[in-house]
Amino acid sequence: MKTMKASHPVVVLTILAFIMFLFAWGNFAGANDEEVIIKMTAKKFEYSPKDISVKKGIPVVLEFTSLDGFHGFYCPGLGIRTDIEPQKVNRLRFIPEKVGTFSFHCDNFCGSGHEDMTGTITVTE
Ligand SMILES: [Cu+2]
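The structure presented is a predicted model; accordingly, all values stated were derived computationally and were not measured.

Engineer: Where do I start with the environment of Glu97 in this structure?
Structural biologist: Here Glu97 shows up in the loop between strand 7 (90–94) and strand 8 (100–105). By the C-beta count within 10 Å, which is 10 here, Glu97 ends up exposed.

Structure representation (structure tokens):
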């Protein structure tokens, strides 16, 4: 019984340390699996928001809806594009791998003024 009493605090501390470890691990894993969802709308002749900021290495899902007709989204600097079809949510998932500011534009001709349909993605560390 004496040895049981002596070891008791050690056992409690060990269990506490293990629980703290699990918490830390959970947070760490959670941060890695994190996915940032950014909702964007497209209409003649603008995106909203038009300037977005994301973190390098954190997966991003852009969710586009069109408020009018057919548009596109093309960001050559990051090598990503999607059609933006009306009446549906158009999802584009990517992982930003380089830091910088990259412009995007509509690459489905949607009328005169179409060339002004632009925006930027800024990727930070
Ligand atoms: Cu357009």
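On we go.
Engineer: Please explain the environment of Phe94 as it appears in this structure.
Structural biologist: Structurally, the position occupied by Phe94 is in strand 7. Classification of Phe94 by C-beta neighbours within 10 Å gives partly exposed; the count is 16. In sequence terms Phe94 and Gly79 are 15 residues apart; their C-alpha atoms lie 9.5 Å from each other. Not counting residues up to four positions away in its chain, the partners in contact with Phe94 are Val60, Leu78 and Ile80.

Engineer: So what exactly am I meant to see when it comes to the nonpolar core here?
Structural biologist: One broad trend across soluble globular proteins is that nonpolar side chains are buried collectively. Formed by 14 residues in total, the largest nonpolar core has its most connected members in Ala42, Phe64, Phe73, Ile84, Phe104, Cys106 and Ile121. Sorting the residues of this core by element identifies strand 4 (60–66), strand 5 (71–75) and strand 9 (118–124) as the ones contributing at least two each. If you tally residues by element for this core, the top one is strand 4, at three residues. Beyond its immediate sequence surroundings of up to four residues, Cys106 is in contact with His71, Gly72, Phe73, His114 and Met117.

Engineer: Is there a simple way to explain unusual backbone geometry in this structure?
Structural biologist: Working note: non-glycine residues mostly have negative phi, and peptide bonds are mostly trans. For the bond running from Lys44 to Phe45, omega is -5 degrees, close enough to zero to count as cis. Within the secondary structure layout, Phe45 lies in the loop between strand 1 (36–43) and strand 2 (46–48). Note the cis peptide between Ser48 and Pro49, where omega equals -5 degrees. Along the polypeptide, Pro49 turns up in the loop between strand 2 and strand 3 (51–55).

Rules used in this analysis
- Residues numbered from 1 in each chain as written.
- Predicted model: local features only at pLDDT ≥ 70, side-chain atom pairs only at ≥ 80, totals over all residues.
- Helix = DSSP H or I, 4+ residues; strand = E, 2+ residues; numbered from the N terminus.
- Buried ≥ 20, exposed ≤ 12 C-beta atoms within 10 Å, placed from the backbone.
- Contact = placed C-beta atoms within 7 Å.
- Core = buried A, V, L, I, M, F, W, Y, C linked by C-beta atoms within 7 Å.

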